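Now for the letters of each chain:
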Amino acid sequence: MRRGKHSLVEWPRVAAAWPAFGVISLLVLACQIAAAEPAKPLQVGAATVVITPPNGIPMAGYYSPRGSEGVLDDLFAKALVMDDGEKAVALVACDLISIPQTITDEARRLIAAEVPISPEAVLVSATHTHTGPSLPRGSKRDAADGGASEIAAAYAAGLPAKIAEAVVAAYRGRAPSSAFVARYEEFDVSFNRRFWMTDGSVGWNPGKLNPKIIRPVGPIDPEILVLYIETADRRPTAAYINFALHADTTGGTLVSADYSGALARLLADIKGADFVTLFGNGACGDINHIDVRSPVAQKGPAEAKRIGTVLAGDVVKALLRMRPTANGPLQAAARVVSLPLAPITDEDVNRAREITARGNEAPFLDKVFAYKVLDVAARNGEPLAAEVQVITLGDDLAWVALPGEVFVTLGLNIKTASPFRHTFVVELANGSLGYLPHRSAYAEGQYEAISARCAEGSGELLVAQAVEMLKELYGKATSP
């Protein structure tokens, strides 16, 4: 509750003026005076900066290099800044496959030098498009997919300044605004890509209409969460949308933001050309768009447009039932969790070197295993540092940011345990540690478990830390 016209130190003078009032009457009067002064309006700004890479840059998402040959649609760094008068936070979504920690750190430093937004209050996430540039990650895989190239290094070096530019522009463009929250459930565009097979194994992307498929190993997260912003005169400003789905639908060698780009363009058609849509991908480490029950091909720009259209329709329907959310307080916290490394042996290292020496001739899963082993070996036993970030608005909304490709069950566990009514779980934020499977997936095997640089149980450590932080901030938001 915000203070009203009279501060607490003035109450002896107020009490003396009305000696007939008892203690209860004074308390009632205090509440009336405090309530008489309305809360400050939320100040919100949004901005975009183009981050489309130059032609020829190696493209991300696979284990072999492919250079870009043009642009299907531009890539953006999009920023949404909220300020309750006491604290400002920035949500940033970039049309990239991932965000290396070094880029986030430098962007935060540049932002803090220009505007009063502290580093722990800046959330920088990637939409996970597979038709964007490869970035240097300090991985042995960089040489294989072009992340170690000069053109990729030069592009990455310029990203922090562009991210900061978007945040600074959003901050300086703040205006009194109203925030709304809306949700919808979509069951027809996302699918768990791990399946129990008739031979007792787990299959990964086992193919359409495969008769050996029994059922999916795990669930999906159908929730679409929307933070919707309007100015005081009801002009649509921006939306932050959270949904869990891998962004690997477009394919090819043309740069594209994939389905989230199509979603943003459609909402701009409806809400106005200046409307800014930020997309924070949910926990989708084991979720993709392939419906194995359908014979229809699902690859290419048309598939990205189809999914973007479905999601845009869902958002529009959800906004018909949106409700106002709090103006504050805004809170932010970030903590680093040490994650144990995946266990490897000297024999694994020798085998990994043999595999990488074969280049593209090596089988796919052998390459996945090899790069994981070499990355783990290069750490010489040093645990992985994973930032867990939580940003909250009032006692209603929370954002949990995690630095990897998070399995959907872990995201659902965070949402279930969160004391906030609505919790945005955003993966590939403030760094990228690769896959973060839930515990049982390690025994089940397949691509994500083979690729994971962190040991079994690491995902659960992040969930525990996130839930602890959510409860702490909720307590502060609801305390008198």
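Right above here is the structure, for reference.
The rules behind these values
- Residues numbered from 1 in each chain as written.
- Predicted model: local features only at pLDDT ≥ 70, side-chain atom pairs only at ≥ 80, totals over all residues.
- Heavy atoms only, no water.
- Pairing = 2+ DSSP bridges.
- Helix = DSSP H or I, 4+ residues; strand = E, 2+ residues; numbered from the N terminus.
- Axes fitted to C-alpha atoms, helices over the stretch in contact; angles between N-to-C directions.
- Contact = heavy atoms within 4.5 Å.
- Phe/Tyr/Trp six-rings, centres within 6.5 Å; stacked < 30°, edge-to-face > 60°.
- Lys NZ or Arg CZ within 6 Å of the ring centre and 35° of its normal.
- Expected span 1.5 Å × (residues − 1).
- Buried < 20%, exposed > 50% of the residue type's maximum accessible area, 1.4 Å probe, protein only.
- Parallel < 35°, antiparallel > 145°, perpendicular 65-115°, else oblique.
- Left-handed = near helix turned anticlockwise from the far one by under 90°.
- Salt bridge = Lys/Arg side-chain N within 4 Å of Asp/Glu carboxyl O.

1. Quick look at the sheet that holds strand E17 (residues 397-401)
And step 1. The mixed open sheet is built from four strands, whose spatial order is E15-E16-E17-E19. Either end of the sheet is taken by a strand with one partner, and the two such strands are strand E15 (330-339) and strand E19 (422-426). For this sheet the average axis-to-axis angle between neighbouring strands, irrespective of direction, equals 15 degrees.
And step 2. Strand direction decides the pairing type here: E15 and strand E16 (residues 384-393), joined by ten bridges, are antiparallel. For Ala 333, the partnering residue across the bridge sits in E16 and is Val 390.
And step 3. Sitting on the sheet, helix H10 (residues 408-417) is in contact with E17 and E19, with an inclination near 155 degrees to E19.

2. Description of the packing of aromatic side chains
And step 1. As enumerated under the stated definition, the model contains 13 aromatic pairs in all.
And step 2. By way of ring pairs, the aromatic residues Tyr 63, Trp 204, Phe 364, Tyr 371, Tyr 435 and Tyr 447 are connected into one cluster.
And step 3. In this structure, Arg 141 is placed above the aromatic ring of Tyr 63, and the distance from its NZ or CZ to the ring centre is 3.8 Å.
And step 4. It is Arg 174 that lies over the ring of Tyr 171; its NZ or CZ is 3.7 Å from the centre.

3. Topic: helix H9 (residues 364-378)
And step 1. Spanning 15 residues, H9 covers 22 Å between terminal C-alpha atoms, matching the ideal 21 Å at 1.5 Å per step.
And step 2. Listing the buried residues of H9 in full gives Lys 367, Val 368, Phe 369, Ala 370, Tyr 371, Lys 372, Val 373, Leu 374, Asp 375 and Val 376.
And step 3. Where the residues of H9 are buried, they touch helix H4 (142-145), helix H8 (346-357) and helix H12 (447-451).
And step 4. Looking one or two places after H9, you find Asn 380, whose phi comes out positive at around 50 degrees.

4. Looking at helix H5 (residues 150-172)
It helps to recall that an α-helix has 3.6 residues per turn; residues three or four apart then point in one direction.
And step 1. Between the first and last C-alpha of H5 there are 34 Å, a value that for 23 residues agrees with the 33 Å anticipated at 1.5 Å per step.
And step 2. Residues Ala 152, Tyr 155, Ala 156, Leu 159, Pro 160, Ile 163, Ala 164, Ala 166, Val 167, Val 168, Ala 170 and Tyr 171 constitute the buried set of H5.
And step 3. In this structure, the buried residues of H5 make contact with strand E1 (42-50), strand E2 (76-83), strand E3 (88-94), helix H3 (101-114) and strand E4 (122-126).

5. Some points on the packing of H8 against H9
And step 1. Relative to each other, H8 and H9 sit at 125 degrees, their axes nearing to 8 Å. On the basis of their axis angle, the class for H8 and H9 is oblique. Here H8 runs over H9; the crossing is left-handed. Residue-level inspection shows Asp 348, Val 349, Arg 351, Ala 352, Arg 353, Ile 355 and Thr 356 of H8 in contact with H9, the latter providing Asp 366, Lys 367, Phe 369, Ala 370, Tyr 371, Val 373, Leu 374 and Ala 377.

6. Some remarks on the pattern of salt bridges
And step 1. The final tally for this structure, using the stated rule, is 29 salt bridges.
And step 2. The shortest N-O distance in the salt bridge between Asp 142 and Arg 137 comes to 2.8 Å.
And step 3. Asp 142 gets classed as buried once you look at its relative accessible area, which sits at 6%.
And step 4. Using a relative accessible area of 35% as the deciding quantity, one classes Arg 137 as partly exposed.
And step 5. Among the ionic pairs, Arg 439 bridges to Glu 456, the shortest N-O distance being 3.9 Å. Taken as a pair, Arg 439 in helix H11 (residues 439-444) and Glu 456 in the loop between H12 and helix H13 (458-478) lie far apart in primary sequence, 17 residues in all.
And step 6. Since its relative accessible area comes to 43%, Arg 439 is described here as partly exposed.
And step 7. Among the residues examined, Glu 456 registers a relative accessible area of 44% and is labelled partly exposed.
And step 8. Salt bridges sharing common partners tie together Arg 183, Glu 185, Asp 221, Glu 223 and Lys 415.

7. Quick look at the sheet that holds strand E7 (residues 194-197)
And step 1. One open sheet accounts for three strands, arranged E8-E7-E9; its pairing is antiparallel. Sheet topology places strand E8 (202-204) and strand E9 (213-216) at the edges, where each strand pairs with a single neighbour. The average undirected angle you get between the axes of adjacent strands in this sheet is 40 degrees.
And step 2. Sheet topology places E7 next to E8; three bridges connect them, and they run antiparallel. Bridge pairing in E8 places Arg 194 opposite Trp 204.

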